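Letter by letter, the chains look like this.
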Amino acid sequence: MNATVATTLRARLDALPSQSLLGTQEYFVNMGPQHPSTHGVLRLVLKLDGETVHQVIPVLGYIHRGIEKICEHSNYRQLVHLTDRMDYLSALANNWAATMVVEKAAAMETNSRIEAIRTLVTELQRIHSHQLWWGVFGMDLGAFTPFFYGFRDREILTDVFERTIGGRLTMNYIQPGGVMHDIHPELVADVKAFLAVFKPRLDEYEALLSENVIVQERLRGVGVLTAQDAVALGATGPVLRASGVAHDLRKAEPYGLYGQVAFDVPVGSRGDCWDRYAVRMQEMRQSIRIVEQLLDNIPEGKHFLVKPAAKIKVKPGVWYSHLETARGVLGAMLVSTGGEAPYRVHFRTPNFNNLWAVTTTATGGRVADLVAILSSLDLVIPDIDR
Amino acid sequence: MATSLLPVSGQALDAQSLVAKIQKLCPAAQLRPDCDRPAVKVPLAHWPVLAQQLFASADLLFDLLETHTAIDWVQTGQIELVYVLTSLQCGHHLTVFVDVARDNPVAPSLCAVWPIAQWQEREVFDLFGVHYTDHPDLRRLFLDDDWQGFPLRKDYADDFMLERPS
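All values derive from a computational prediction rather than experimental measurement.

Engineer: Give me the lowdown on the overall build of chain A, citing residues and values where you can.
Structural biologist: A tally of regular secondary structure across chain A gives 16 helices and eight strands. Against the 2.2 N^0.38 benchmark of 21 Å for 386 residues, chain A shows a C-alpha radius of gyration of 22 Å, consistent with a compact globule. Based on the C-alpha atoms only, the size of chain A along its principal axes is roughly 70 × 45 × 30 Å. When burial is assessed residue by residue, chain A has 58% of its 386 residues classed as buried. Accessible surface computed for chain A: about 13800 Å², of which carbon and sulfur atoms make up 56%. Here chain A contributes 39 positive and 41 negative side-chain charges, whose respective centroids are spaced 4 Å apart.

Structure, rendered in structure tokens:
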């Protein structure tokens, strides 16, 4: 199908008579909680008229585990290990967010080796996460090959993580006062080997999916989220940047070693599904840039400064810190009344806030567009429900 | 579709001038010193007006409600509402604390100022039982509609909870 045919088809669909002429009526369809394109237990109640979406009502709670309540019964070390179950594709960034707020509250110090390792593994996981997104995105649009390609290349990185961290998906590595183990002696060589394989394959990804005219026609102009709407709906991360707002905490409030490496923040201009797609594709290349700068410059030193058995005490007060995961701003709030356990912990998760963009962008479009929009938001449901 | 970019128009204010500016807008606002970021405590009656001003004032421009949650202070009988605000246009942050009575927690909804508040408030309603007036759709968000009680309150108990081994 060439571009002209696809455009003509869309024009014909758009020109179909409205429901009043056909005498149709609205009906409700449940999409989920078990549905391949909701990527988890998200339920969307759709008010439809034929193929046209009139309203999207997200229904949450199918994987609510009460992580914030469990944190109140955990000490400052334990609560870090619950965070990898929120956004399981950004486990290390989640660890880091919780660690960051605990370190701030307890005035714990780190060294440059620890910060370099944290930045390196978190940036590798951003690539890891976007690889999965890319594969699943293709599958949601009806192209099955990207799923295999994405997972094939992701596997190499998963093995790299496994060698150093031990885990493959829900990793626990970054903890208050350091990282759990020193990096594997082969880590640098492994990552270099991965980059040598992956960089040409990223071009292959572009040739396979980005340059596919059907994909372009299904994404361009679909699910437009203006900059104002994106901010009003609390969207962050690639979703916000695709709408043209160059907000990235790695640049705005550098943490780790992000202040010392050169990288660009890709932004879109229209805020449609295509821009969200393109921003993430660009982000993978920027993450590779960051990783390459860090690889040969990991400083010597200890990988932990506080013994893991040492108890952490926090004076009374409120602390908040945030960082940029693969999906947006993850904030962690800590309320202490003194002692070894928090009084209250709250996580501001990117997916919870990015989700609601679907309620405005999908309205008026077609069901197939809704699938593209959902996939372009790159939601991880356990991160919404917590 | 027209492109609408947010201009980076403002300048980031430091904590001191930020709090001073807010106290000028709302003299009843008090600095909350035990926070690591600029934070003020605002009486409930002043909060809806101040929220609108925080959003619209040219040198404040708090365009993003980053998160909204609550803390249950069971000892003092207060539920403290927390609003974490960010200005993407200026680059500064503010945390606002508002007390509501624990036995009758009612607060105005801020959906009209920050639309994301609609769902953040539903979460606080679900887990703390805070009622928001003028909320378009105040229902439970995570738990079943017939769930009894509000789990993030400190005195919450149900039949499924286990005793902690001492």
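Engineer: Account for the sheet that holds strand β1 (residues 30–31) of chain B, naming residues and giving values.
Structural biologist: All names here are of chain B. Strand order in the open sheet made by the five strands is β1-β2-β5-β4-β3, with mixed pairing throughout. If you trace the sheet from one side to the other, it starts and ends with β1 and β3 (64–73), each paired once. Where β1 meets strand β2 (residues 39–41), two bridges bridge the pair, whose relative direction is antiparallel. Directly across from Gln30, in β2, lies its bridge partner Lys41. Here helix α3 (residues 117–128) sits on the sheet and contacts β3 and β4 (78–86); the angle it forms with β3, its principal contact strand, is near 15°.

Engineer: Could you give an account of the packing of helix α12 (residues 273–295) of chain A against helix α15 (residues 367–377) of chain A, with specific residues and numbers?
Structural biologist: Residues and elements named next belong to chain A. Running from N to C, α12 and α15 point in directions that differ by 30°, and their axes come no closer than 9 Å. By the angle class used here, α12 and α15 are roughly parallel. With respect to the hand of their crossing, α12 and α15 are arranged in left-handed fashion. Note on element contacts: α15 touches α12 through Ala372, Ile373, Ser376 and Leu377, opposite Cys273, Arg276 and Arg280. Tallied by class, residues from the contact of α12 with α15 come to four nonpolar, one polar and two charged.

Engineer: Can you break down unusual backbone geometry residue by residue, with the values?
Structural biologist: Notably, Asp378 of chain A is not glycine yet its phi reads approximately 55°, a positive angle. Tracing the backbone shows Asp378 of chain A in the loop between α15 and α16 (381–385).

Engineer: Quick rundown of the interface of chain A and chain B? Include the residues and the values.
Structural biologist: Quoted interface sizes are often the accessible area lost when the parts come together. Chain A puts 45 residues into the contact, and the matching count from chain B is 44 residues. Where chain A abuts chain B, roughly 3700 Å² becomes buried across the two surfaces, and 62% of that area is made up of carbon and sulfur atoms. There are three salt bridges connecting chain A and chain B. Breaking the side of chain A that touches chain B down by element, the ones donating at least two residues are α3 (67–72), α9 (227–232), β6 (317–324), β7 (329–336), β8 (344–348), α13 (350–354) and α16 of chain A. With five residues, β6 of chain A is the largest single contributor of residues to the side of chain A that touches chain B. Residues that form the side of chain A that touches chain B fall into these classes: 19 nonpolar, 17 polar and nine charged.

Engineer: Hey, could you go over the packing of helix α5 (residues 112–140) of chain A against α12 of chain A for me, with residue numbers and the actual values?
Structural biologist: Residues and elements named next belong to chain A. Interhelical geometry of α5 versus α12 gives an angle of 150° and a closest axis separation of 9 Å. Of the possible angle classes, the one that applies to α5 and α12 is roughly antiparallel. Where α5 crosses over α12, the handedness of that crossing is left-handed. In this structure, α5 contributes Ala116, Thr119, Leu120, Glu123, Leu124, Arg126, Ile127, His130, Gln131, Trp133, Trp134 and Phe137 to the contact, and α12 contributes Tyr277, Arg280, Met281, Glu283, Met284, Ser287, Ile288, Ile290, Val291, Leu294 and Leu295.

Calculation rules
Residues numbered from 1 in each chain as written. Chains lettered and ligands numbered in written order. Predicted model: local features only at pLDDT ≥ 70, side-chain atom pairs only at ≥ 80, totals over all residues. Heavy atoms only, no water. Helix = DSSP H or I, 4+ residues; strand = E, 2+ residues; numbered from the N terminus. Rg over C-alpha atoms; globule rule 2.2 N^0.38 Å. Buried < 20%, exposed > 50% of the residue type's maximum accessible area, 1.4 Å probe, protein only. Areas by Shrake-Rupley, 256 points an atom, 1.4 Å probe, with all protein chains shown as cover. Lys, Arg positive; Asp, Glu negative; His and termini not counted. Charge placed at Lys NZ, Arg CZ, Asp CG, Glu CD. Pairing = 2+ DSSP bridges. Contact = heavy atoms within 4.5 Å. Axes fitted to C-alpha atoms, helices over the stretch in contact; angles between N-to-C directions. Parallel < 35°, antiparallel > 145°, perpendicular 65-115°, else oblique. Left-handed = near helix turned anticlockwise from the far one by under 90°. Nonpolar A, V, L, I, M, F, W, Y, C, P; charged D, E, K, R; others polar. Buried area = accessible area lost by both parts, 1.4 Å probe. Salt bridge = Lys/Arg side-chain N within 4 Å of Asp/Glu carboxyl O.

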